[in-house]
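What follows is each chain in one-letter form.
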Amino acid sequence: MVLLHRFTAAVPLIASLALVGCASDGGGVQSQKMAAIKARGSLICGVDGKLPGFSFVSPDGSYSGLDVDICKATAAAVLSDPAKVTYRDLSATERFAALSSGEVDLLSRNTTMTLSRDAPGGNALAFAPTTFFDGQAVMVPATSGIRSLKEVAGKPICVETGTASELNLADRMRELNATYTPLKFQSGDQTYAAYLQGRCVAVTTDRSQLAAKRTGFPKPSEHILLPDVLSKEPLNPATVNADPAWADAVRWVVYSLIQAEEMGITAANIDAKVAEAKANKNLAQLRRFFGVEGDLGKQLGLPADFVVRTVKAVGNYGEVFERNVGTGSPLKLERGVNQQWRQGGLMYSPPFL
């Protein structure tokens, strides 16, 4: 079941009511948010909806992308069905209000984790592990002759308001002691339309988003990304920190995908791996991971086999990456720092103990 809604107005804040204390079906701890999701029969997931590789709506109404797969994995863990997701397209300015008001259960929308967004005195979000390590970049027409950020000085730059990109750009230009004219827009569509119309000489946001948006340009090869990296952009799913049990459940769903890749567990071989774990009592780590023994799922308010459900739904993290944004996808992005830690990257899961 895939439904599309558009968040259009904020409703009174109710996040403070999402307190921990309900007992799950398995006898473990559960949040009111998780109980509401089960009662509703679907996970409401806030996404971008217009960003190829991360969250994109096809003409037939189906959603795909790395961020979408996180929604599917979470639904599989909680509801035993990755299709039980209601997607809501949210702009950058809408996303936090939609989450804090309870309009969406989970925000999986290329959102950078920052102190002010995480802090109780800020947006009061609870971030899951990073699903894509990125950095802010600048794109310009190849014919502009601009090859560095310094050369953009004194010129108009398009940027979406309400994003970390807006502040990062101001900080970096300030460091360069360079003047510029920021042209701010309320949505990504407006921002890129203005850039293609020539209203600004450059556009800035996360490098992955620029690469994704460029694939939809009339002539993608006529636009280049400058080598300057303006910031660190760890992109993370988020919930509200008023419901720590729900935040923990989402956190470990993401970790399960990362750990599965490290252990060589894929969507194709997981049934055989589970059978092996059940047959061999000496495979303690594998048995705990799959929920064959122990109560890790119960401690999160999730089924014992939640890891099995998530990997069957979307594969491990490496599969999710390659399918949506990797070298075999239209975006053709290298893994880079998004490699597993054993390959020199930053993808690392704490132990499932």
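Just above, that's the structure.
Fair warning: this is a prediction, and the values are worked out from it, not measured in the lab.

Chemist: Give me the lowdown on the overall build of the protein, citing residues and values where you can.
Modeler: Along the backbone of the protein there are 13 helices and 18 strands. Taken over the C-alpha trace, the protein has a radius of gyration of 21 Å; the compact-globule value for 353 residues is 20 Å, and the two agree within 12%. For the protein, the C-alpha atoms occupy an extent of roughly 65 × 45 × 40 Å along the three principal directions. When the accessible surface of the protein is summed, it comes to about 15,100 Å², and 54% of that surface belongs to carbon and sulfur atoms. With 36 positive and 34 negative side-chain charges, the protein shows a separation of 1 Å between the mean positions of the two kinds.

Chemist: Describe the packing of aromatic side chains, with residues and values.
Modeler: Tallied over the entire structure, the rule returns eleven aromatic pairs. Relative to Phe 290, the ring of Phe 289 lies with its centre 5.8 Å away and its plane at 40°, an arrangement referred to as tilted. Comparing Phe 289 with Phe 290 shows no difference in burial state: the two are buried. Look at Trp 341 and Tyr 348: their rings are 5.1 Å apart centre to centre, the planes differ by 65°, and that puts the pair in the edge-to-face class. We classify Trp 341 as partly exposed; its relative accessible area is 34%.

Chemist: Mind laying out the side chain of Thr 163, listing which residues take part and the relevant values?
Modeler: Relative to the helices and strands, Thr 163 is located in the loop between strand 13 (156–160) and helix 5 (164–175). Assessed through its relative accessible area of 16%, Thr 163 is described here as buried. A polar atom in the side chain of Thr 163 sits 2.7 Å from the backbone oxygen of Glu 160.

Chemist: With reference to specific residues and values, describe the sheet that holds strand 5 (residues 50–51).
Modeler: Reading across from one edge, 5-6-7 is the order of the three strands in this open sheet, with antiparallel pairing throughout. In this open sheet, the two edge strands, each paired with only one partner strand, are strand 5 and strand 7 (63–64). For strand 5 and strand 6 (residues 55–57), the ladder comprises two bridges, and the chain directions are antiparallel. Within strand 6, the position partnered with Leu 51 by the bridge is Ser 55.

Chemist: Give me the state of the cysteines: which residues, what numbers.
Modeler: Throughout the structure, instances matching the rule amount to two disulfides. Disulfide pairing is shown between Cys 45 and Cys 71; the S-S distance is 2.0 Å. Disulfide Cys 45-Cys 71: torsion about the S-S bond near -70°, hence left-handed. Separated by 26 residues along the polypeptide, Cys 45 in strand 4 (residues 43–47) and Cys 71 in helix 2 (residues 66–79) bring together distant segments of the chain.

Chemist: Can you tell me about the sheet that holds strand 14 (residues 181–185), naming the residues and giving the values?
Modeler: The strand order across the open sheet built from five strands is 14-13-15-12-16, with neighbouring strands paired in mixed fashion. Two strands close off the open sheet at either side, each with one partner strand: strand 14 and strand 16 (223–225). If you compare each strand with its neighbour and ignore which way they point, the axes differ by 30° on average. Taken together, the three bridges between strand 12 (residues 136–141) and strand 16 define a ladder with antiparallel strand orientation. Bridge pairing in strand 16 places Met 139 opposite Leu 225. Seen against the sheet, helix 7 (residues 207–214) touches strand 12, strand 15 (202–206) and strand 16 and runs at an angle of roughly 120° to strand 15.

Chemist: If you had to explain helix 8 (residues 244–262) to someone new, which residues and values would you point to?
Modeler: Along its 19 residues, helix 8 runs 27 Å from first to last C-alpha, staying within 8% of the 27 Å computed at 1.5 Å per residue. Most of helix 8 is tucked away: 14 of the 19 residues are buried. With its phi angle positive at about 75°, Gly 264 sits one or two positions after the end of helix 8.

Chemist: So, the packing of helix 8 against helix 12 (residues 306–314): which residues are in play, and what are the values?
Modeler: Between helix 8 and helix 12, whose axes approach to 10 Å, the crossing angle comes to 70°. Compared by their axis directions, helix 8 and helix 12 come out roughly perpendicular. Of the two elements, helix 8 crosses helix 12, and the hand of that crossing is right-handed. On the side of helix 8, the interface is formed by Trp 252, Val 253, Ser 256, Leu 257 and Ala 260, while helix 12 contributes Phe 306, Val 307, Thr 310, Val 311 and Val 314. Its residues placed into classes, the contact of helix 8 with helix 12 shows eight nonpolar, two polar and no charged.

About the cut-offs
- Residues numbered from 1 in each chain as written.
- Predicted model: local features only at pLDDT ≥ 70, side-chain atom pairs only at ≥ 80, totals over all residues.
- Heavy atoms only, no water.
- Helix = DSSP H or I, 4+ residues; strand = E, 2+ residues; numbered from the N terminus.
- Rg over C-alpha atoms; globule rule 2.2 N^0.38 Å.
- Areas by Shrake-Rupley, 256 points an atom, 1.4 Å probe, with all protein chains shown as cover.
- Lys, Arg positive; Asp, Glu negative; His and termini not counted.
- Charge placed at Lys NZ, Arg CZ, Asp CG, Glu CD.
- Phe/Tyr/Trp six-rings, centres within 6.5 Å; stacked < 30°, edge-to-face > 60°.
- Buried < 20%, exposed > 50% of the residue type's maximum accessible area, 1.4 Å probe, protein only.
- Polar contact = N/O pair within 3.5 Å; in protein donor to acceptor, adjacent residues only side chain to side chain.
- Pairing = 2+ DSSP bridges.
- Disulfide = S-S within 2.5 Å.
- Axes fitted to C-alpha atoms, helices over the stretch in contact; angles between N-to-C directions.
- Contact = heavy atoms within 4.5 Å.
- Expected span 1.5 Å × (residues − 1).
- Parallel < 35°, antiparallel > 145°, perpendicular 65-115°, else oblique.
- Left-handed = near helix turned anticlockwise from the far one by under 90°.
- Nonpolar A, V, L, I, M, F, W, Y, C, P; charged D, E, K, R; others polar.

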